[in-house]
Amino acid sequence: MSKLLYIVEDEADILELVLMKLEAAGFSTKGFERAEPMLQSLKVSAVDLIILDVMLPGMDGMEVCQKLKSDPATENIPVIMLTARTDIEDKVKGLEYGADDYITKPFDAKELVARVKAVLRRSSWESSKNVLSITPDFVIDFNRYEVLINGKRADITLTEFKILQLLTKRPSWVYNRSQMLDYLWGTDKVVIERTIDVHIRNLREKLGEFAIMIQNIRGVGYRFSVGGEE
Ligand code: CA
């Protein structure tokens with residue numbers, strides 16, 4: 001059975017082109033010029049992926065994405081955002097709202113099809129639940145004890161991995177150093193709290209552009225935050 005994709009795009013010619021290319025690639029599609037009827041339609045059909053334009057009349061793409069990702073009934077449907085803007089702020093906001101990928105307009109139809117396939121593959125892979133895809137370029141595999149940054153395995157130690165495991169368990173939750181020590185070494189080992197800071201520093205270095213997601217809350221401890229806000 002072919003996968004069903006919903007596409008929301010108010011520019012009729014772009015919508016038509018996207019529908020045509022996706023159909024040609026073997027997908028079933030349904031197009032919408034506004035988000036509201038798409039949301040209505042979601043209640044009655046099982047959709048595999050949604051392509052959402054950011055700039056829409058009525059409810060905009062960001063709002064729609066946030067709504068989809070905050071509803072347990074729709075949170076697992078992958079969302080690819082179409083944006084005319086290359087604004088980093090939009091990207092950060094979209095990721096915070098849970099978008100799975102981005103395509104900036106104007107885009108090549110082949111690229112769009114490739115991204116759709118990649119996101120669908122990843123979403124079925126993720127359904128194992130032991131793989132956490134924070135963004136498409138920052139993936140934690142709890143089975144293999146691997147962290148993938150831009151598709152490459154980061155060379156992290158077991159302690160660094162466990163820190164990441166603890167922090168990502170509850171995003172935005174602030175852990176103090178003694179809680180972290182307990183988690184890592186248990187209460188029977190004597191390790192000074194500053195040891196945590198050393199491990200965090202090393203871990204951050206290995207996370208590259210995603211280092212900002214591990215935040216130091218002064219006087220308290222550390223937290224993991226996808227938005228990277230202060
Ligand atoms: Ca638009």
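This text gives an overview of the structure that appears in the document. (Residues numbered from 1 in each chain as written. Predicted model: local features only at pLDDT ≥ 70, side-chain atom pairs only at ≥ 80, totals over all residues. Heavy atoms only, no water.)

Within this structure, the stated rule accounts for 11 salt bridges. In this structure, K105 engages E9 in a salt bridge whose closest nitrogen and oxygen atoms are separated by 2.9 Å. In this pair, K105 is assigned in the loop between β5 (101–104) and α5 (109–126) and E9 in the loop between β1 (4–8) and α1 (12–24), connecting sequence segments 96 residues apart. In this structure, K105 and E9 share a single accessibility class: buried. Of the charged contacts, one joins R115 and D101 as a salt bridge, the two residues approaching to 3.2 Å between their closest N and O atoms. A residue pair is termed long-range when its members are at least 10 positions apart, and R115 in helix α5 and D101 in strand β5 qualify at 14 residues. Owing to a relative accessible area of 14%, D101 belongs among the buried residues under this scheme. (Salt bridge = Lys/Arg side-chain N within 4 Å of Asp/Glu carboxyl O. Helix = DSSP H or I, 4+ residues; strand = E, 2+ residues; numbered from the N terminus. Buried < 20%, exposed > 50% of the residue type's maximum accessible area, 1.4 Å probe, protein only.)

What follows deals with the nonpolar core. Judged by nonpolar contacts, the single largest core of 26 residues is most densely connected at F138, V147, L164, L167, M180, L207 and I214. Sorting the residues of this core by element identifies β7 (138–141), β8 (146–149), α6 (158–169), α7 (177–185), α8 (194–207) and β12 (221–224) as the ones contributing at least two each. Top element by residues in this core is α6. It accounts for 5 residues. With 22 residues, the next largest nonpolar core counts L52, L56, L68 and M81 among its residues. (Core = buried A, V, L, I, M, F, W, Y, C linked by side-chain atoms within 4.5 Å.)

Where burial is concerned, most of strand β3 (residues 49–53) is hidden: 5 out of the 5 residues are buried. Side chains of β3 alternate between two faces, with L49, I51 and D53 and I50 and L52 buried alike. Bridging between β1 and β3 involves 4 bridges; their strand directions are parallel. Within β3, the residue paired with L5 across the bridge is L49. When β3 meets strand β4 (residues 79–83), the two strands line up parallel, connected through 4 bridges. By the bridge assignment for β4, L52 is matched with M81. (Pairing = 2+ DSSP bridges.)

Right, let's get into the coordination of the calcium ion. Protein ligation of the calcium ion involves D10 (OD), D53 (OD) and M55 (O), the donor distances falling in the range 2.1 to 2.3 Å. Expressed as a motif, the donor residue spacing for the calcium ion is D-x42-D-x1-M. (Donors = N, O, S within 2.8 Å, 3.2 Å for Na, K, Ca; no water.)

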